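A look at the structure
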Amino acid sequence: EAKQRGKNTVQFYAPSMNLAAQRRSVVERRLRGALDCGAFTLHYQPQHDAAGDVCAFEALLRWTDPELGAVSPAEFIPVAEDAGLIVPIGAWVLNEACRQWAQWHREGLPSVRMAVNVSPTQFAREDFVASVVDILSRHGMAAWQLELELTEQLVVQDIQTTAAKMQALRDRGVRIAVDDFGSGHSALSYLMRLPVSTLKIDRAFIRDLGHVDGASRVVGAITALAHALELDVVAEGVETAEQLREVRGLGCEFTQGYLLGRPGPADQARATLLRIDGRPAVPGAPDRQ
Ligand code: C2E
Ligand code: MG
Ligand code: MG
Ligand code: MG
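Figured I'd write up the structure that's included with this text.

**Focus: the nonpolar core**
Counting residues in each nonpolar core, the largest one holds 75 residues, and the members touching the most others are Leu31, Met114, Leu146 and Leu148. If you tally residues by element for this core, the top one is helix α4 (residues 86-106), at nine residues. Filtering out sequence-adjacent residues up to four positions away, Met114 remains in contact with Tyr44, Phe57, Ala59, Ala97, Trp101, Trp104, Met141, Gln145, Leu146 and Glu147.

**What about the pattern of salt bridges?**
What the rule picks out here adds up to 15 salt bridges. Of the charged contacts, one joins Arg24 and Asp82 as a salt bridge, the two residues approaching to 2.3 Å between their closest N and O atoms. Highlighted residues: Arg24 in helix α2 (residues 15-34) and Asp82 in helix α3 (residues 73-82), separated in sequence by 58 residues. Overall, Arg24 belongs to the partly exposed group, its relative accessible area being 37%. Note on Asp82: relative accessible area 61%, which makes it exposed. Where Glu96 meets Arg99, a salt bridge forms, and the shortest distance between an N and an O atom there is 2.8 Å. Residue Glu96 and its partner Arg99 are both found in helix α4; the two are separated by three residues, about one turn of the helix. By relative accessible area, Glu96 is classed as buried at 17%.

Parameters and conventions
Counting from 1, residues in each chain are numbered in the order their sequence is written. Throughout, the order in which chains and ligands are written sets their labels, letters from A for the former and numbers from 1 for the latter. For this predicted model, a pLDDT threshold of at least 70 governs which residues receive local features, and a threshold of 80 or more governs which side-chain atom pairs are given and counted, while totals over whole chains, interfaces and linings are taken from all residues. Hydrogens and water molecules were not included; the side-chain quantities draw on all heavy atoms of the structure. In this text, buried Ala, Val, Leu, Ile, Met, Phe, Trp, Tyr and Cys residues form a nonpolar core when linked through side-chain atoms within 4.5 Å. Throughout, exposure labels follow a simple rule: accessible area from a 1.4 Å probe, protein chains only, divided by the maximum for the residue type, with under 20% read as buried, over 50% as exposed, and the rest as partly exposed. Helix numbering and strand numbering both begin at the N terminus, where a helix is a DSSP run of H or I of at least 4 residues and a strand a DSSP run of E of at least 2. Only heavy atoms matter for contacts: two residues are in contact if any of them lie within 4.5 Å across the pair. Salt bridges are defined by distance alone: a side-chain nitrogen of Lys or Arg within 4 Å of a carboxyl oxygen of Asp or Glu.

Geometry only, nothing functional implied.
Next up, the structure:
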């Protein structure tokens, strides 16, 4: 009775919080069965180089639940993290993205890199490096065609372990990107000690271009930093021609965003690959990074 009253009190004072908690528990319950009933798919969003050519696809997880409809990864990924479901889900994503890459490769389509998001919990698993190596060999995919996107959150957790794991992946040729760069709290001194290949500038900075004083200097500074560390740099969330012109003017050669390509199902990505001319598949080519 008292417990019930306590609940009601919470509900009374913070109805929105309670609704959010309810939604969360429904999402978690539905997520538990999602892998088994094949409710996940991957969409692919192209990345473009300075010449406007597609140089990579980022695999983005999509979930359509029979009850809830389509749920955004921004909502369900954190729930999956907390519920301990991200490890099997993440393993499915990695395998599916590499399987898809291999299928396109077998079809003789131009080879472009595949970028896959990896959650901190997934990366923290002791068997993570082995699982990546296993998936690559299962699909006959060259390691340098895979880029793992990790957030700054992970970078600050345990620098020693993180660096060692990243190095093990880099030694095999797998590329590492720091996703949403600038949105977290990673110290530059940490970043410099990690064998990353790419910085992805957080979308928020690109959105601010032309609106917020100093935004272009920040994007320019991150680009210069990346280049000083000999890293590739990708501007995320490029939506307008003006933003594209500006980031390129600031020296950022790689872009990803709705302007040049929206995420879409495998068929859409395949159609994009079919349009690429004069860029034959190059199995076994060395990492030019
Ligand atoms: P992210 O890795 O930073 O992925 C980029 C997000 O920005 C994607 O959202 C993409 O659809 C969106 N985006 C791309 N271009 C534009 C643009 O021009 N404008 C705007 N407004 N948005 C753009 P999405 O697919 O909803 O994914 C959100 C986040 O969920 C991802 O951010 C990533 O952190 C996470 N996520 C998605 N798939 C996976 C996955 O397989 N594993 C893990 N661990 N996380 C994932
Ligand atoms: Mg990403
Ligand atoms: Mg990002
Ligand atoms: Mg993000």
